[in-house]
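Examining the three-dimensional arrangement
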Amino acid sequence: MYTIHAPAKVNLYLHVGPPRSDGRHPLDSLVVFSDARASDLIEFTPGGEGLVFSSNCDLGPEEDNLAIRAVKALEAVSSHQVAGTLHLEKRLPVAAGIGGGSSDSAAVLHLMNEVLNIGMSVDELFDIARPLGGDVPACVAGQPVLMRGDGDRVEPYLYQLPSLNAVLITPLVSCPTGPVFRKYDDTLKEAFVFEEQAPPMASLVEDFCSQLSDRYRNDLQAPAEALHPEISSLLTALAEDQQAVFSAMSGSGATCFALYPDAQMAARSASMLADRFSDAWVVVTQLGKAGFDPQGFNL
């Protein structure tokens, strides 16, 4: 049996341009990934005939299951047919702004490419990933990247990140992307320049977070809060945390996060948040590269 972790994707900032004629929005985001403490687990046992898929939760119709779609997309462009049992242990909350399904899809592509000795480059995996969803190419990259265009344009973040000790917290509410974007469109008053230069190198997390606070934002945070007041409660609690040096919402919500100077501070705050928000999903993690480390990342 082969296993791989599919980490949470966290948008340190997310700028959203006005909708184009096709209704899609241009994006500008710095994306990082959690360690294995905040991840789904994917297991694959080769053998038998065809693909047998299982999960610890209901993921809806097969055509909406990004893990299965990744297998079929890989089969379609290679000479390999996947035969075996694929199990997804879902640990990340669904529809929570941390790319759970997209990360599952990317992890499956890497796992099958390795286990079946397909030998595709990361650039070739990008080509398979783009039609699967806006977050999937960034998740395939598996390292801090700038996600632009529809998410199809992925650029390496060229600086070394400081240690990003984090707490992720998600209220028990589903926050689908579609309604949040529609709320954003309803409140958008004028077009604006949304792409920024990436934050420059900072060796201290405090300096890096100061830059995030000064120049960057999540344009979907306000519309998500309007739809789900629970997000506002979490953000208020994180902003009041004296130990945190930065806090924001990831993606289209509802997951919020805070960054801390060290792991001990993060752990203490996570414990207090779990006590205060007993129904929330709370996890301590470190943000940076994904658990898998694809080679040959060259765009």
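Relevant structure appears above.
Quick summary incoming for the structure in this document. All values derive from a computational prediction rather than experimental measurement.

On to the overall build of the protein. When helices and strands are tallied, the protein shows 9 helices and 12 strands. A compact globule built from 299 residues should have a C-alpha radius of gyration of about 19 Å, and the protein, at 19 Å, falls within 12% of that. Along the first, second and third principal axes, the C-alpha set of the protein runs to 55 × 45 × 35 Å. The buried share of the protein, taken over its 299 residues, is 53%. Summarising the internal contacts of the protein: among those between residues at least 6 apart in sequence, 75% fall at separations of at least 24. Surface exposure of the protein reaches about 13100 Å², of which carbon and sulfur atoms provide 49%. Between the averaged position of the 19 positive side-chain charges in the protein and that of its 38 negative side-chain charges there is a distance of 4 Å.

With that settled, consider helix H9 (residues 263–276). With 14 residues, H9 extends 20 Å between its outermost C-alpha atoms, agreeing within 8% with the 20 Å of an ideal straight helix rising 1.5 Å per residue. Along H9, the positions that sit buried rather than exposed are Ala266, Ser269, Ala270 and Leu273. Down the axis of H9, the sector holding all buried residues measures 110 degrees, keeping them to one side. Those residues of H9 that are exposed and angled more than 90 degrees off the buried face are Gln264, Met272 and Asp275. Along its buried surface, H9 packs onto strand S9 (164–170), helix H8 (229–240), strand S11 (256–260) and strand S12 (281–287). The N-capping residue of H9, defined by a side-chain oxygen 3.1 Å from the backbone nitrogen of Gln264, is Asp262.

Before going further, it helps to examine the sheet that holds strand S6 (residues 84–89). Spatially, 4 strands are ordered S1-S4-S6-S5 in an open sheet, and the strand pairing comes out mixed. At either margin of the open sheet sits one strand with a lone partner, and together these are strand S1 (2–7) and strand S5 (51–55). Sheet twist, expressed as the average angle between the axes of neighbouring strands with direction ignored, equals 20 degrees. Looking at chain direction, S1 and strand S4 (residues 39–46) are connected through 6 bridges and run antiparallel. Paired with Pro7 across the bridge in S4 is Ser39. Along the sheet, helix H2 (residues 100–115) contacts S1, S4 and S6; its crossing angle with S1, the most-contacted strand, is approximately 150 degrees.

Following both chains from N to C, one finds H2 and helix H3 (residues 122–129) inclined at 135 degrees, their axes separated by 11 Å at the closest point. Between H2 and H3, the interaxial angle falls into the category oblique. Note on packing geometry: the crossing formed by H2 with H3 is right-handed. Note on element contacts: H3 touches H2 through Leu125, Ile128 and Ala129, opposite Leu109, His110 and Asn113. Among the residues making up the contact of H2 with H3, the classes are represented as 4 nonpolar, 2 polar and no charged.

Attention now goes to the pattern of salt bridges. Pairs may arise between side chains of opposite charge once their charged atoms sit close together. Scanning the model with the defined rule gives 16 salt bridges in all. Lys72 serves as the salt-bridge partner of Glu62, at 2.6 Å between the closest nitrogen and oxygen. Linking Glu62 in the loop between S5 and helix H1 (66–77) with Lys72 in helix H1, this pair joins segments that are 10 residues apart in sequence. The partner of Asp104 in a salt bridge is Lys90, and the shortest N-O contact between them spans 2.9 Å.

A separate point is the nonpolar core. Ile42, Leu109 and Val140 are the most contacted members of the largest nonpolar core, which has 67 residues in total. Within the second largest apolar cluster, 30 residues are counted, among which are Ala38, Leu161, Ala248 and Phe257.

Pairing within the open sheet is antiparallel, and its 4 strands lie in the order S10-S11-S9-S12. Taken across any chain shown, the strands that pair with only one partner, and hence form the sheet edges, are strand S10 (246–249) and S12. Across the sheet, the mean angle separating the axes of adjacent strands is 20 degrees when strand polarity is ignored. Of the strand pairs in this sheet, S9 and S11 are connected by 5 bridges, and their pairing is antiparallel. Its bridge partner being in S11, Ala166 is matched across the sheet by Leu259. In the packing of helix H6 (residues 205–215) onto the sheet, the strands contacted are S9, S10 and S11, and the crossing angle to S10 comes to about 45 degrees. Contacting S9, S10 and S11, H8 crosses the sheet at an angle of about 10 degrees to S11.

What follows covers the side chain of Ser105. Take Ser105: it is sitting in helix H2. Beyond its immediate sequence surroundings of up to four residues, Ser105 is in contact with Leu66, Ala70, Leu132 and Val136.

Moving on, we get to a nonpolar patch on the surface. Among the surface-exposed residues, Leu158, Tyr159 and Met201 lie close enough to one another that they form a single nonpolar patch of about 360 Å² accessible area. Tracing the sequence through the fold places Met201 in the loop between helix H5 (177–187) and H6.

Cut-offs applied
- Residues numbered from 1 in each chain as written.
- Predicted model: local features only at pLDDT ≥ 70, side-chain atom pairs only at ≥ 80, totals over all residues.
- Heavy atoms only, no water.
- Helix = DSSP H or I, 4+ residues; strand = E, 2+ residues; numbered from the N terminus.
- Rg over C-alpha atoms; globule rule 2.2 N^0.38 Å.
- Buried < 20%, exposed > 50% of the residue type's maximum accessible area, 1.4 Å probe, protein only.
- Contact = heavy atoms within 4.5 Å.
- Areas by Shrake-Rupley, 256 points an atom, 1.4 Å probe, with all protein chains shown as cover.
- Lys, Arg positive; Asp, Glu negative; His and termini not counted.
- Charge placed at Lys NZ, Arg CZ, Asp CG, Glu CD.
- Expected span 1.5 Å × (residues − 1).
- Arc of directions from axis to C-beta.
- Polar contact = N/O pair within 3.5 Å; in protein donor to acceptor, adjacent residues only side chain to side chain.
- Pairing = 2+ DSSP bridges.
- Axes fitted to C-alpha atoms, helices over the stretch in contact; angles between N-to-C directions.
- Parallel < 35°, antiparallel > 145°, perpendicular 65-115°, else oblique.
- Left-handed = near helix turned anticlockwise from the far one by under 90°.
- Nonpolar A, V, L, I, M, F, W, Y, C, P; charged D, E, K, R; others polar.
- Salt bridge = Lys/Arg side-chain N within 4 Å of Asp/Glu carboxyl O.
- Core = buried A, V, L, I, M, F, W, Y, C linked by side-chain atoms within 4.5 Å.
- Patch = residues over 30% accessible without salt bridge, like charges linked within 9 Å, V, L, I, M, F, W, Y side chains within 5 Å.

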